[in-house]
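Chain by chain, the residues run as shown.
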Amino acid sequence: MQLILISGLSGSGKSVALRLLEDNGYYCVDNLPATLLADVVALYREQGYQYIAISVDTRSAPTLSALPDVMCALKALDIDLRLIFLEATTEILVQRFSETRRRHPLSGNGLTVEECIRLEREMLEHIHELGHRIDTSHLSANALRAWVKVLVDANADGLTLVFESFGFKHGLPLDADFVFDVRCLPNPYYEPALRPLTGQDAAICQFFAGEDTVAAMLADIRQFLQTWLPRFRQDNRSYVTVAIGCTGGQHRSVYIAEQLALAFAGEQVLLRHRQLPPKK
């Protein structure tokens, strides 16, 4: 059985992720108290369900403290359990609540939306490190659906290495474990013929291929990761997200992320580009 748990901040896209899973054949349950998780999973397992997705968040706040122990118990039953934790910047979340005119689930105590978000972060602090984090601040709904689908389709054995490109002018990704700044590298943006392309295009790859500084940057990041990944495995980490940033997230960061994914092809690797539209 595969069990996907969806958690995270209100307004970060949990409903989008859950609907995507439902459309892909998962039996979905929204807002289940953590203390009921084991009983519900046992019931659906007896009924023959193989794919289940359940949302667990601060709407059932009193039970959240039980979630880590419940997850450990479920994993011991040979269940392929994955937690996807969605988050976004406070500014973006406030904007989303303003646009949708929805009340924050914690707003009943007279708190402002910003105060509710701050409180919710504190309540979820012990959960977000239990799974794979996705910063949805600058993701379209389609991009989030694509990222979630790739994540649940990936092999869950061992450690998964995530390479994510981004643009600094759009803000740092909240989900990064490591951030490497490649803005010091030559920028194809200043070549008019290359400006509309991305780091996935052959002409951009050719532009970077002859640059010694690019090769040196790649070698240094690769050596760093090769040195420290064994320690993350020893710490039983399931995911390590390496964010590569340039100014706009279109050329240099995309190219470096692509090359690192190739360099670590022997690992379980996921590749994503925050500022590029998802491939169809």
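For every chain, the first residue of the written sequence is number 1, and numbering continues from 1 onward in sequence order. Selection of residues for local features in this predicted model requires a pLDDT of at least 70, selection of side-chain atom pairs for listing and counting requires 80 or more, and totals for whole chains, interfaces and linings are taken over all residues. Hydrogens are left out, water is left out, and the side-chain values use all remaining heavy atoms of the structure.

A. Fine view of the sheet that holds strand β3 (residues 51–55). Strand order in the open sheet made by the 5 strands is β2-β3-β1-β4-β5, with parallel pairing throughout. For this open sheet the edge positions go to β2 (27–29) and β5 (132–135), each flanked by a neighbour on one side alone. Pairs of neighbouring strands in the sheet enclose a mean axial angle of 20°, with direction left out of account. A pair of strands is considered paired only if DSSP assigns at least 2 bridges between the two. Elements are defined by DSSP. Helices are runs of H or I of four residues or more, strands are runs of E of two residues or more, and each kind is numbered from the N terminus. Bridge count between strand β4 (residues 80–87) and β5: 4 bridges; the pairing is parallel. Bridged to Phe85 within β5 is Arg133. In the packing of helix α1 (residues 14–23) onto the sheet, the strands contacted are β1 (2–8), β2, β3 and β4, and the crossing angle to β1 comes to about 165°. Contacts between helix α2 (residues 37–46) and the sheet are confined to β1, β2 and β3, with β3 contributing the most and set at about 155° to the helix. For helices, the fitted line uses only the C-alpha atoms of the stretch in contact; every axis is such a line through C-alpha atoms, and the angle between N-to-C directions lies from 0 to 180 degrees. Here, residues are in contact when the closest pair of their heavy atoms is within 4.5 Å.

B. Highlighting helix α4 (residues 90–100). Taken residue by residue, α4 has Ile92, Leu93 and Phe97 as its buried positions. Across the axial projection of α4, the buried residues extend over an arc of 135°, all falling on one side. Away from the buried face of α4 by more than 90 degrees, exposed residues Glu91, Ser98 and Glu99 are located. Looking at the buried positions of α4, the neighbouring elements they touch are α5 (113–123). Taken from the residues just after α4, Arg101 is the one with a positive phi, measuring 60°. Only protein chains enter the accessibility calculation, which uses a 1.4 Å probe. A residue is then buried if its area is under 20% of the maximum for its type, exposed if over 50%, and partly exposed in between. The directions from the helix axis to the C-beta atoms are what the arc is built from.

C. Structural context of the packing of aromatic side chains. The rule is short: rings of Phe, Tyr and Trp, with Trp giving its six-membered ring, pair when the centres are within 6.5 Å, and they are stacked under 30 degrees, edge-to-face over 60, tilted in between. Summed over the entire model, instances satisfying the criterion amount to 12 aromatic pairs. Taken together, a centroid distance of 5.3 Å and an interplanar angle of 75° make the contact between Tyr44 and Tyr49 edge-to-face. Note on Phe178 and Phe232: the rings are 5.6 Å apart at their centroids and 85° apart in plane angle, and the pair reads as edge-to-face. Of this pair, Phe178 sits in strand β7 (residues 178–181) while Phe232 sits in helix α8 (residues 212–234), placing them 54 residues apart in sequence. Note on Phe178: relative accessible area 18%, which makes it buried. Given the relative accessible area of 18%, Phe232 is considered buried.

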